[in-house]
Each structure stands twice: as C-alpha cells, then as structure tokens.
Amino acid sequence: SFTLGNVETVIDEPDPEVHESHIDKRPYVKNTGTNSALVRMRVTISPSELVEKYQLKLVYNDESYEYNPNEDKWDSSENYWIYNNNDGYWYYTGIIKTAEETEPLFTKVEGNGIVKDGKLISELEGLEIALYYDSIQSVARGENDVEIKATTGDINDETTQQLWSIFDQQKN
C-alpha cells in the first residue's frame, strides 16, 4: 500500500537564560509531521547598529552526529550544522525523524556589556534574532524519475544537496 506523508516542523527553544556576560539561547527545529525531514536555517540579527556597537555574536554549536550502522545510532563528530557560504544557510547534518529535534543551531549570544544587574540592557530590548528555515522530506524523485534519498544509513552530502537542489528549483 502507498500512503502520503507530510513534513511538518516547528522552531522551538527553552526560555533564554541571562548570565553575567551572555545569554543562553538554544533554538532548534522539531519534527511534528509523519515523515523524516532535512532542515536548513538562516539567521539574521538586527538592527545592525546594535550588532556593531556591542560586538554581538552568536556562539554556534561545534559538534555533529554521524550515523553508525553497526549500532543503529548517531555518533558525535565535528558539526551538527554546516554553514554554506554560497546560499547563507546552515544545513543540519542529520535526519530528523518524527517527534525528534535537531541540536540547537547556536547556544549563546555574547557581546560587550550586554548584561547589567542580571538583565539584558534596555537598549537591546529591540534586538531581533530572526530564524528562517526550510524542512523537506528526506526522499524525492530526481531526473529521469530516479529516487534520491538521504535516509538512515545512506545519508551523505551529495544526496542531501541533490534533495535541496530539487526543493530550490520547485520553490522558484
């Protein structure tokens, strides 16, 4: 039998925590649909004047998972998210199964003098960290109706880039 699935995801995060010199901020994507998904995300911070004035920066995660077929699990390696200079997106290196979530894209917001008396300074209350994201099925049909899949066990950069390319062509 054949059933149609869906890709439904949401951005979520725990409440930010203010520390003496930074803010813990951990946005992630959760799969709420019925199909496994691939995710990419883009980040903007505005207004740029505040970014420059306070030397604001995001501390990105610096680990990743690789699938270990011998143990049927993901093992930690170098990067959860990989940045692509050509399109400005961060690509999640794994597949998000139903009810699972990504690792946070970043974990902290740091800057010069952004916290005073245990609170974010008032000038930064208008600061906006916007997250834009796309999520797609981890299987698609490519040229000549060839199935391209990045499912558990055969995920690699080539297959995921082919899937994102198909998505971008259909989106435009």
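Reading the values: the criteria
- Residues numbered from 1 in each chain as written.
- Predicted model: local features only at pLDDT ≥ 70, side-chain atom pairs only at ≥ 80, totals over all residues.
- Heavy atoms only, no water.
- Salt bridge = Lys/Arg side-chain N within 4 Å of Asp/Glu carboxyl O.
- Helix = DSSP H or I, 4+ residues; strand = E, 2+ residues; numbered from the N terminus.
- Buried < 20%, exposed > 50% of the residue type's maximum accessible area, 1.4 Å probe, protein only.
- Phe/Tyr/Trp six-rings, centres within 6.5 Å; stacked < 30°, edge-to-face > 60°.
- Lys NZ or Arg CZ within 6 Å of the ring centre and 35° of its normal.

Visitor: Which residues make up the pattern of salt bridges, and what values go with them?
Guide: Counted by the stated rule, this structure contains five salt bridges. A salt bridge links Arg40 to Asp134, with the nearest nitrogen and oxygen atoms 3.0 Å apart. Taken together, the positions of Arg40 in strand E5 (residues 37-46) and Asp134 in strand E14 (residues 128-137) put the pair 94 residues apart, joining distant regions of the chain. Its relative accessible area of 1% is what places Arg40 among the buried residues.

Visitor: Explain the environment of Tyr89 to me, using residue names and the numbers behind them.
Guide: By secondary structure assignment, the location of Tyr89 is in strand E10 (residues 89-92). Taking relative accessible area as the criterion, Tyr89 reaches 11% and is therefore assigned buried. Separated by 47 residues in sequence, Tyr89 and Arg42 have C-alpha atoms that sit 4.8 Å apart.

Visitor: Hey, could you go over the packing of aromatic side chains for me, with residue numbers and the actual values?
Guide: If you walk through the whole model with that rule in mind, you get five aromatic pairs. Put simply, the rings of Tyr60, Tyr83, Trp90 and Phe106 pair up and form one aromatic cluster. In this arrangement the basic side chain of Arg42 is found over the ring face of Tyr89, its NZ or CZ atom lying 4.1 Å from the centre.

That's the geometry; what it means functionally is another story.
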